[in-house]
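An overview of the molecular structure
Here is what each chain is made of, one letter per residue.
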Amino acid sequence: MKLEHTALLLLSLPAASLASGSCTNPSEKLPMCSSAPPPSQRLRKEVNDLSSFEWDAVVEAIWTTKNTTLADGRERYGDTYKTYDYFVLQHAVATQDSRGDQGHFSDAFITFHAALLLSFEQNLRLVDPDVALPYWAAQANGDIYTEDLVGSVPGTGEGNTVVDGAFANWPVTTDMDWESDWAGYIQDVEGATNGYSGGGTPGSMRGADNFLSASTLTRFGSPWSYSIDLQDKCLAESCWAEWYGDCIEGEFHSGAHTGIGGDGSGGAEGDFKDVVTSPNDPVFWFHHANIDRNRMLWTAGKGEEDKAAFYGYGGALDKDACQMKGYCPAGGIELTDTISALWPFDAAADLGVETVGEGGRWAVHADVICALAPDTAAYAYQEPQQIS
Ligand SMILES: [Cu+2]
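As the structure is a prediction and not an experimental result, all values here were calculated from the model. (Residues numbered from 1 in each chain as written. Predicted model: local features only at pLDDT ≥ 70, side-chain atom pairs only at ≥ 80, totals over all residues. Heavy atoms only, no water.)

Regarding its fold elements, the chain presents 13 helices and two strands. Since a compact globule built from 388 residues should have a radius of gyration of about 21 Å, the 20 Å found for the chain is in line with a globular shape. Here the chain, with 388 residues, has 59% of them falling under the buried criterion. Considering only residue pairs separated by 6 or more positions, the chain has 74% of its internal contacts joining residues 24 or more positions apart. Accessible area for the chain stands at about 15,200 Å²; split by element, carbon and sulfur atoms hold 49% of it. Each charge class in the chain was averaged separately, 22 positive and 56 negative side chains, and the resulting centres sit 3 Å apart. (Helix = DSSP H or I, 4+ residues; strand = E, 2+ residues; numbered from the N terminus. Rg over C-alpha atoms; globule rule 2.2 N^0.38 Å. Buried < 20%, exposed > 50% of the residue type's maximum accessible area, 1.4 Å probe, protein only. Contact = heavy atoms within 4.5 Å. Areas by Shrake-Rupley, 256 points an atom, 1.4 Å probe, with all protein chains shown as cover. Lys, Arg positive; Asp, Glu negative; His and termini not counted. Charge placed at Lys NZ, Arg CZ, Asp CG, Glu CD.)

Put into structure tokens, the structure is as follows:
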């Protein structure tokens, strides 16, 4: 299965991106990259390509993580079980790191989110070992805003809450007790402190600047899609700074968040727009999987020399990419740094990989490039079958 898939990927790539050896890395010392291929790869499919049985299983597993407490979940699914909100807050803490955002506006955007998605998917698979995370290609004829799939945009309930679709009346936590329930996940990290403890409305699991107080998922925006060419456009980019900075985060990623989430009145932001807690909208996982799919396709089209240079991933040295928004975190995003160290990923337990990081426990940025590569990840992306 793996070989066939790789062959497919190569065939579908534009010839220009098959050139190798063009990327250099600004870091002086690069880690060793030596992950072994997995015995097989599960397939992440486009949401419209899932059978209704497959889609229902994904939806049910997601709801189960939302509705099952940590204690009950651990009893049923094992010690590594996490609740849905765990991932919302892991994302929130990354954004509010005192060194600067550890998951956005820099080279670390793609590595952080790849790790978050895989950890989330592994958690779903504790609940149902047959599910794989779907992706949403976000293209015009791949409509997702339906009763069968993710429901309406804007939400059609009171205050634009989402009352239809697979995640109708999806709860967003509004009675969070940060200190007693969550502060214990924060690790001691030299030179970093956590700036997240809740939303603009007390108890709300949203960003501090977001005054949305609804207790269910809210979308103020409008249906959003992008040109079918964007996936290919990003594939034609040369090295990390150009690929990530010119195509991935801004053009490919942000439009969906602002477009679907939108703004309400009185300082309320739709859940998907809130850069701190956007995983509150389950669309987050499907949209980000589509971006991770571009990482797989783009790296699959590169040669061994580019891979050995980590495709030019330069962390804080990668000024071209970091300056995309005139911003670069002061630390924490180099290849050998722990990914979002204040609330990190346990490489073995959360991601099922061996880390090249010091200490051998927490995943580092290089691990995504080494161990979640097209030929080493436990998952692969099936090309969309219904979109052309
Ligand atoms: Cu994010």
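Picking up where we left off.
Once that is clear, we can look at the state of the cysteines. With the rule as written, the count across this model stands at four disulfides. Here Cys33 is linked by a disulfide to Cys370, with a sulfur-sulfur distance of 2.0 Å. Across the S-S bond linking Cys33 and Cys370, the dihedral sits near -130°, which makes this disulfide left-handed. Taken as a pair, Cys33 in the loop between helix H1 (2-11) and strand E1 (42-44) and Cys370 in helix H13 (residues 365-371) lie far apart in primary sequence, 337 residues in all. Sulfur-sulfur distance for the disulfide between Cys234 and Cys247 comes to 2.2 Å. Across the S-S bond linking Cys234 and Cys247, the dihedral sits near -85°, which makes this disulfide left-handed. With a gap of 13 residues between them, Cys234 in helix H7 (residues 230-235) and Cys247 in helix H8 (residues 240-261) connect regions that are remote in the sequence. Judged on exposure class, the residue Cys234 and its partner Cys247 are both buried. Taken in sequence order, the bonded cysteines of the chain link in the pattern 1-4, 2-8, 3-5, 6-7. (Disulfide = S-S within 2.5 Å.)

Turning next to a negative patch on the surface. Side chains of Asp56, Glu60, Glu147 and Asp148 sit close together on the surface and give a patch of like negative charge. Along the polypeptide, Glu147 turns up in the loop between helix H5 (108-127) and helix H6 (178-182). (Patch = residues over 30% accessible without salt bridge, like charges linked within 9 Å, V, L, I, M, F, W, Y side chains within 5 Å. Salt bridge = Lys/Arg side-chain N within 4 Å of Asp/Glu carboxyl O.)

Moving on: the coordination of the copper ion. In ideal tetrahedral geometry, four donors around a metal make angles of 109.5 degrees, whereas ideal octahedral geometry with six donors gives angles of 90 or 180 degrees. Binding of the copper ion to the protein goes through His91 (NE2), His104 (NE2) and His113 (NE2), at separations of 2.1 to 2.2 Å. Along the chain, the residues donating to the copper ion fall in the pattern H-x12-H-x8-H. Separated by 22 residues along the polypeptide, His91 in helix H4 (residues 84-95) and His113 in helix H5 bring together distant segments of the chain. Considered together, His91 and His113 belong to a single accessibility category, that of buried residues. (Donors = N, O, S within 2.8 Å, 3.2 Å for Na, K, Ca; no water.)

Let us look at the packing of H4 against H5. Interaxial distance between H4 and H5 falls to 10 Å at its minimum, and their mutual angle equals 170°. Considered as vectors, H4 and H5 are oriented roughly antiparallel to each other. Handedness of the H4/H5 crossing: right-handed. Along the contact surface, H4 presents Tyr84, Phe87, Gln90, His91 and Ala94, while H5 presents Phe112, His113, Leu116, Ser119, Phe120 and Asn123. Residues that form the contact of H4 with H5 fall into these classes: six nonpolar, five polar and no charged. (Axes fitted to C-alpha atoms, helices over the stretch in contact; angles between N-to-C directions. Parallel < 35°, antiparallel > 145°, perpendicular 65-115°, else oblique. Left-handed = near helix turned anticlockwise from the far one by under 90°. Nonpolar A, V, L, I, M, F, W, Y, C, P; charged D, E, K, R; others polar.)

Bringing the packing of aromatic side chains into the picture now. Summed over the entire model, instances satisfying the criterion amount to 34 aromatic pairs. Judged by centre distance (5.8 Å) and plane angle (85°), the ring pair of Phe105 and Tyr327 falls under edge-to-face. Of the two residues, Phe105 sits in the loop between H4 and H5 while Tyr327 sits in the loop between helix H11 (319-322) and helix H12 (347-351), which places them 222 residues apart along the sequence. Since its relative accessible area comes to 27%, Tyr327 is described here as partly exposed. When the ring of Phe167 is compared with that of Trp170, the centres are 5.5 Å apart and the planes differ by 90°; the resulting orientation is edge-to-face. For the pair Phe167 and Trp170, a shared accessibility class is recorded, and that class is buried. The ring of Tyr379 carries the charged tip of Arg44 above its face, separated from the ring centre by 3.5 Å. Against the face of Tyr86 rests Lys82, its NZ or CZ located 5.7 Å from the ring centre. (Phe/Tyr/Trp six-rings, centres within 6.5 Å; stacked < 30°, edge-to-face > 60°. Lys NZ or Arg CZ within 6 Å of the ring centre and 35° of its normal.)

Attention now goes to the nonpolar core. Counting residues in each nonpolar core, the largest one holds 103 residues, and the members touching the most others are Trp55, Trp136, Trp285 and Phe286. Ranked by residue count, the leading element in this core is H5, at 12 residues. The contacts of Trp55, once residues within four sequence positions are left out, are Val47, Leu50, Pro134, Asp148, Leu149, Val150, Ala166, Phe167 and Phe286. (Core = buried A, V, L, I, M, F, W, Y, C linked by side-chain atoms within 4.5 Å.)

The next subject is the pattern of salt bridges. What the rule picks out here adds up to 17 salt bridges. A salt bridge links Glu121 to Arg42; the nearest nitrogen and oxygen atoms lie 2.7 Å apart. One end of the pair, Glu121, is in helix H5; the other, Arg42, is in strand E1, and 79 residues separate them in sequence. Look at Arg42 and you get buried, because its relative accessible area is 15%. In this structure, a network of salt bridges that share partners links the residues Arg42, Arg44, Glu121, Asp292 and Arg295.

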